[in-house]
Amino acid sequence: MRILSSLFSLAIARTLASLGVALTAGMLVTGCATPPAARTTTPTPTKSATAPADPGEWVGRWHGPGARALTIMPRADDHFMIERRNAQGVSTHYLATATGGRLYFQRLGKTLAIRPGRGSETGDPALAGLSDCLLVVPDGGGYCRRADSADALPLDRGAYVAVKTPCHAAQRTDTLFFTGKALARPGQNACQARLVGQRGMIFYLDDRCAGINAGGGANETISVPDAHHMAVAANGQSATLYRYCATGLLPPVLQAARPQP
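So, how was this worked out
Residues numbered from 1 in each chain as written. Predicted model: local features only at pLDDT ≥ 70, side-chain atom pairs only at ≥ 80, totals over all residues. Heavy atoms only, no water. Helix = DSSP H or I, 4+ residues; strand = E, 2+ residues; numbered from the N terminus. Contact = heavy atoms within 4.5 Å. Areas by Shrake-Rupley, 256 points an atom, 1.4 Å probe, with all protein chains shown as cover. Core = buried A, V, L, I, M, F, W, Y, C linked by side-chain atoms within 4.5 Å. Buried < 20%, exposed > 50% of the residue type's maximum accessible area, 1.4 Å probe, protein only. Phe/Tyr/Trp six-rings, centres within 6.5 Å; stacked < 30°, edge-to-face > 60°. Pairing = 2+ DSSP bridges.

Caption draft 1: Region of the structure containing the overall build of the protein. Broken down by element type, the protein carries three helices and 16 strands. Taking contacts inside the protein between residues at least 6 apart in sequence as the whole, the part at least 24 apart equals 47%. For the protein, the exposed area adds up to about 12,700 Å²; of that, 54% sits on carbon and sulfur atoms.

Caption draft 2: How the structure looks around the environment of P154. Positionally, P154 belongs in the loop between β8 (142-144) and β9 (158-162). Between the C-alpha atoms of P154 and H228, which are 74 residues apart in sequence, the distance is 8.9 Å. Here P154 is in contact with G60, R61, T71, M73, F203, V224, D226 and A227, once residues within four sequence places are set aside.

Caption draft 3: Seen up close, the nonpolar core. Residues L153, L155, I222, V224, M230 and V232 are the most contacted members of the largest nonpolar core, which totals 20 residues. Ignoring sequence-local partners within four residues, the contact set of L153 consists of R61, F178, F203, L205, I222 and V224.

Caption draft 4: Summary view of the packing of aromatic side chains. Following the criterion strictly, the structure yields two aromatic pairs and no others. On the basis of an interplanar angle of 75° and a centroid distance of 5.5 Å, the ring pair of Y160 and Y244 is categorised as edge-to-face. Here the residue Y160 occupies a position in strand β9, and Y244 occupies one in strand β16 (residues 240-245), the gap between them amounting to 84 residues. Overall, the relative accessible area of 0% leaves Y160 in the buried class. Residue Y244 is classed as partly exposed on the basis of its relative accessible area of 30%.

Caption draft 5: Main features of unusual backbone geometry. Residue P138 follows V137 across a cis peptide bond; omega there is 10°. Within the secondary structure, P138 sits in the loop between β7 (133-137) and β8. Positive phi, close to 70°, is recorded for D78, a residue that is not glycine. Residue D78 is classed as exposed on the basis of its relative accessible area, which comes to 67%. At L108, a residue that is not glycine, the phi angle is positive and equals roughly 55°.

Caption draft 6: Layout of the sheet that holds strand β13 (residues 202-207). What the eight strands build is an open sheet, ordered β11-β10-β9-β16-β15-β14-β13-β12; its pairing is antiparallel. One side of each edge strand has no neighbouring strand; the edge strands of this open sheet are β11 (183-184) and β12 (193-199).

Caption draft 7: Broad picture of the pairing of strand β4 (residues 91-99). Where strand β3 (residues 80-85) and β4 come together, six bridges link them in antiparallel fashion. Bridge pairing links E83 to H93 in β4. Taking the residues between adjacent antiparallel strands as the criterion, β3 and β4 are bridged by five residues, where G89 takes a positive phi near 85°. Pairing of β4 with strand β5 (residues 102-107) involves three bridges; the strand directions are antiparallel. Paired with T97 across the strands is Y104, a residue of β5. Linking β4 to β5, which pair antiparallel, is a turn of two residues; within it G100 sits at a positive phi near 60°.

Caption draft 8: The arrangement of the environment of F80 in detail. The residue F80 is located in strand β3 in this model. According to the relative accessible area criterion, F80 is buried, its value standing at 9%. Measuring from C-alpha to C-alpha, the distance between F80 and Y94 comes to 8.4 Å, with 14 residues separating the pair along the chain. For F80, the contacting residues outside a window of four places in its chain are P55, G56, V59, I72, M73, P74, R75, Y94, L95, A96, A98 and L103.

Encoded structure:
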């Protein structure tokens, strides 16, 4: 656990340091880090007609029709790791390079690119009304995000427990559930969240279930180094590190309190 916490802290610290947030790994391990300054919104900077897109803004999960999904995560060598999940739920990983506002990767000896687009360009009726999308060219296929949810967080759905607490000893106060659309506390079944802004692997949410200035802009900051770890900081509070726990390992009272679909 000590090694896992240290690795997780290092990943978060590198991410925050690259974004100009002065937090140390030691502060993160103790859970005493001061979260980024509170903000009411984090609008995407306006780009000129000739300015290329920034693939760093695409980090996280994107959803296609059915079970299809695209997850983009940065690497320390300035490359990106791409995970594409097909309709059968099978995932394939690719190493991508950012050039000219696109992400390029190789598939079956063919060079493909990821570029920004709109749902109407995907050809799928389920995505037609969405505007925040990525297209894979030239083989087609598109993935989008909904602004009215937290589905951009590249986390596996399920239970997350504070890193210093064993899964079997988890309490209600140190347990969160990621439903795919929101972060829910035990017993909460109707949570709503929306993505207000993003800086790389740091996501700013308006989380109605956080209970702090809900509905008034970003009230919660989530840092995600991988699919099984996150650091959560409500505005004005210190960050707490969480790691994934299989629901069956939780105490029975928490298993019964998990959000229902």
